[in-house]
Amino acid sequence: MSNEENVNKAAGSLKTTVTNQLAAFMGLKENNPKAFYGILVALALPILFMMMSGGGSNTVSGPTIKELAIGQKYVLKSPNTVDTSAKIRLVPVPGTLAAYDDSEEADRNAPCQHMPQATPVEVMEFSDFGGNKKMFVKVKVAEGECKDKDGWVLAIDVQ
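Because the structure is a prediction, the values reported are computed rather than measured.

What's the story with the sheet that holds strand β4 (residues 120-129) in this structure? I'm lost.
Across a sheet, strands are paired by hydrogen bonds formed along the backbone, either parallel or antiparallel in direction. Taken in spatial order, the four strands line up as β1-β4-β5-β6 in an open sheet, and their pairing is antiparallel. The strands lining the two open edges of the sheet, one partner per strand, are β1 (73-75) and β6 (150-154). Between one strand and the next, the sheet's axes are offset by a mean angle of 50°, whatever the strand orientation. Looking at chain direction, β1 and β4 are connected through three bridges and run antiparallel. Of the residues in β4, the one forming a bridge with valine 75 is proline 120.

Here is the structure:
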């Protein structure tokens, strides 16, 4: 007997076995529906569990606030954008960032209010908010036409 005949015989045997098992399983639907649906649930639960478990150990996390120190020099950088032309707003009072409406032309173009990314700054003081320590940082611009201008920014924007 050649290898090809052995393979064909084994394939035929496998096909017959699978067909018989499938027929017996489908016969359970008529003869014993509780067993039929129990087997389906037993097969589906592990698959469902694996699908819902989330996968690998790579966790998604947001940017973290750097441990800042008063008197140290840093740069302004927003971790929430990849646009290098994005501006970071300096405000006179901590926590007022959301209170501004940039629909007014004067508000968008006020000098030394919207600072470019990578502007060197020095940390002057901190403000807590909502139970979070050092949420806002008072910074003083260290270089450029706005040198010595100060204002408050989110701590996450100071890198």
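Help me understand the state of the cysteines in this model?
Here a disulfide denotes a covalent bond joining the sulfur atom of one cysteine to the sulfur atom of another. For the structure shown, the criterion picks out one disulfide. One disulfide bridge connects cysteine 112 with cysteine 146, the sulfur atoms lying 1.9 Å from each other. Judged by the torsion about the S-S bond (-90°), the cysteine 112/cysteine 146 disulfide is left-handed. One end of the pair, cysteine 112, is in the loop between α3 (105-109) and β3 (114-116); the other, cysteine 146, is in the loop between β5 (132-141) and β6, with 34 residues separating them in the sequence. For the residue pair cysteine 112 and cysteine 146, the accessibility class agrees, reading buried in each case.

I keep staring at the nonpolar core and nothing clicks. Help me out?
Here is a general trend for soluble globular proteins: nonpolar side chains tend to be buried in one another's company. With 16 residues, the main nonpolar core has Leu76, Val137, Val139, Val153 and Val158 as its most contacted residues. Among the secondary structure elements, those contributing two or more residues to this core are β4 and β5. With three residues, the single largest contributor to this core is β5. What valine 137 contacts, discounting residues up to four positions off in sequence, is Leu68, Val123, Glu125, Phe126, Gly151, Trp152, Val153, Ala155 and Val158.

How do you make sense of the packing of aromatic side chains when you look at a structure like this?
Between two aromatic rings, the relevant description is the distance of the centres plus the angle of the planes. As enumerated under the stated definition, the model contains three aromatic pairs in all. On the numbers, 5.0 Å between centres and 80° between planes, the contact of phenylalanine 36 with tyrosine 37 is edge-to-face. Owing to a relative accessible area of 44%, tyrosine 37 belongs among the partly exposed residues under this scheme. Aromatic pair phenylalanine 129 and phenylalanine 136: ring centres 5.8 Å apart, planes at 75°, arrangement edge-to-face. Here phenylalanine 136 falls in the buried class, since its relative accessible area comes to 7%. Here the aromatic cluster, defined as three or more aromatic residues joined through ring pairs, consists of Phe25, Phe36 and Tyr37.

What is the right way to look at the environment of arginine 89 in this model?
In this structure, arginine 89 sits in strand β2 (residues 87-89). Here the alpha-carbon distance between arginine 89 and glycine 151, two residues 62 residues apart in the chain, equals 8.6 Å.

Where do I start with the side chain of threonine 119 in this structure?
Locating threonine 119 in the fold gives a position in the loop between β3 and β4. Classification of threonine 119 by relative accessible area gives buried; the value is 8%.

Quick notes on the rules
- Residues numbered from 1 in each chain as written.
- Predicted model: local features only at pLDDT ≥ 70, side-chain atom pairs only at ≥ 80, totals over all residues.
- Heavy atoms only, no water.
- Pairing = 2+ DSSP bridges.
- Helix = DSSP H or I, 4+ residues; strand = E, 2+ residues; numbered from the N terminus.
- Axes fitted to C-alpha atoms, helices over the stretch in contact; angles between N-to-C directions.
- Disulfide = S-S within 2.5 Å.
- Buried < 20%, exposed > 50% of the residue type's maximum accessible area, 1.4 Å probe, protein only.
- Core = buried A, V, L, I, M, F, W, Y, C linked by side-chain atoms within 4.5 Å.
- Contact = heavy atoms within 4.5 Å.
- Phe/Tyr/Trp six-rings, centres within 6.5 Å; stacked < 30°, edge-to-face > 60°.

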